[in-house]
Amino acid sequence: MRSETQAIKRQIAFDSARFLTSAPNLAACPEDQSYEVAFAGRSNAGKSSCINALTRNSKLARTSKTPGRTQLINLFSTSTSNFRLVDLPGYGFAKVSASMRQSWDQNLAQYLEQRPNLIGLVLLMDIRHPLRPEDQTFVGWCHQSGLPVHLVLTKADKLKQGPANQALHQVKTAIKDLENTSVQLLSAPKGSGLNQLKDRIQSWYDQQ
Ligand SMILES: Nc1nc2c(ncn2[C@@H]2O[C@H](COP(=O)(O)OP(=O)(O)OP(=O)(O)O)[C@@H](O)[C@H]2O)c(=O)[nH]1
Ligand SMILES: [Mg+2]
């Protein structure tokens, strides 16, 4: 009975997410008492759209057709004790100056490597271009540092079911030997895959 009550109490209230703050780098991030699950991926992969679909709040994270929209580390708190969602700047965006890109990448790497309360990474990839070199670097990095990573093939609605499942299968095969690494399909506008993603995030939280 007791464990049942605890389980209910610890259910993440995704809908309750509210903007907390934006930080240009790790040093500017708020105190680290709350667990964080971060959303990473190439620019335009659909990180912000995914967070909005997950929290059922279309205005929470800014989305855009222009890649490179999210340039700061955006943190969202929830009513669940000690739990936050984090929208990270996209990587691999070519249309900014080299120095600007380098500083984004450095800030991103620093957050990922040094944030002690980070409990899992959701890595979003457009289903039509999965596992690009930078994505592979990310997956390898997570594996090495023991950070659980969940790959999400976004924009699944852009492909028919057959090719979508084929892409899923390919990525599954590529990661099959990596511990704490999983993959799923998702479509933000259709809402498909959201429960699966919630379950994964919940499982990370439950392990703390
Ligand atoms: N069809 C479809 N379009 C999507 C989906 N997810 C995102 N998009 C579109 O893709 C574009 C980029 O989405 P964002 O959520 O802003 O992408 P992002 O990864 O946050 O981009 P940056 O902040 O620039 O790194 C927008 O035009 C979204 O409407 C999806 O599941 N299906
Ligand atoms: Mg974004």
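Residues numbered from 1 in each chain as written. Chains lettered and ligands numbered in written order. Predicted model: local features only at pLDDT ≥ 70, side-chain atom pairs only at ≥ 80, totals over all residues. Heavy atoms only, no water.

Peer 1: Mind laying out helix α5 (residues 161–175), listing which residues take part and the relevant values?
Peer 2: Between its first and last C-alpha, α5 extends 21 Å over 15 residues, near the 21 Å set by a 1.5 Å rise per residue. The secondary structure elements touched by the buried residues of α5 are β6 (149–154) and β7 (181–185). (Helix = DSSP H or I, 4+ residues; strand = E, 2+ residues; numbered from the N terminus. Expected span 1.5 Å × (residues − 1). Contact = heavy atoms within 4.5 Å.)

Peer 1: Report on the nonpolar core, specifying residues and quantitative values.
Peer 2: Among the nonpolar cores identified, the biggest contains 34 residues, and Leu 88, Tyr 111, Leu 121, Leu 151 and Leu 153 are the most heavily contacted of them. Looking at this core, the elements that each hand over two or more residues are β2 (35–41), β3 (73–77), α3 (98–114), β5 (118–126), α4 (133–145), β6, α5 and β7. The element contributing the most residues to this core is α5, with five residues. If we skip the residues at most four places from it in the chain, Leu 121 touches Ala 38, Ala 40, Leu 88, Leu 112, Phe 138, Cys 142, Leu 147, Pro 148, Val 149, His 150 and Trp 204. Within the second largest apolar cluster, 25 residues are counted, among which are Val 37, Val 152, Leu 197 and Tyr 205. (Core = buried A, V, L, I, M, F, W, Y, C linked by side-chain atoms within 4.5 Å. Buried < 20%, exposed > 50% of the residue type's maximum accessible area, 1.4 Å probe, protein only.)

Peer 1: Break down the pattern of salt bridges for me, with residues and values.
Peer 2: Tallied over the entire structure, the rule returns eight salt bridges. For Arg 42, the salt bridge is made with Glu 134, and the minimal N-O distance between the two is 2.6 Å. Of the two residues, Arg 42 is situated in the loop between β2 and α2 (47–55) and Glu 134 in helix α4; the sequence distance between them amounts to 92 residues. In this structure, the salt-bridge partner of Arg 128 is Asp 126, at a minimum N-O distance of 2.8 Å. With relative accessibility at 12%, the residue Asp 126 sits in the buried group. Taken together, the shared-partner salt bridges connect Glu 31, Glu 36, Arg 84 and Arg 115 into one network. (Salt bridge = Lys/Arg side-chain N within 4 Å of Asp/Glu carboxyl O.)

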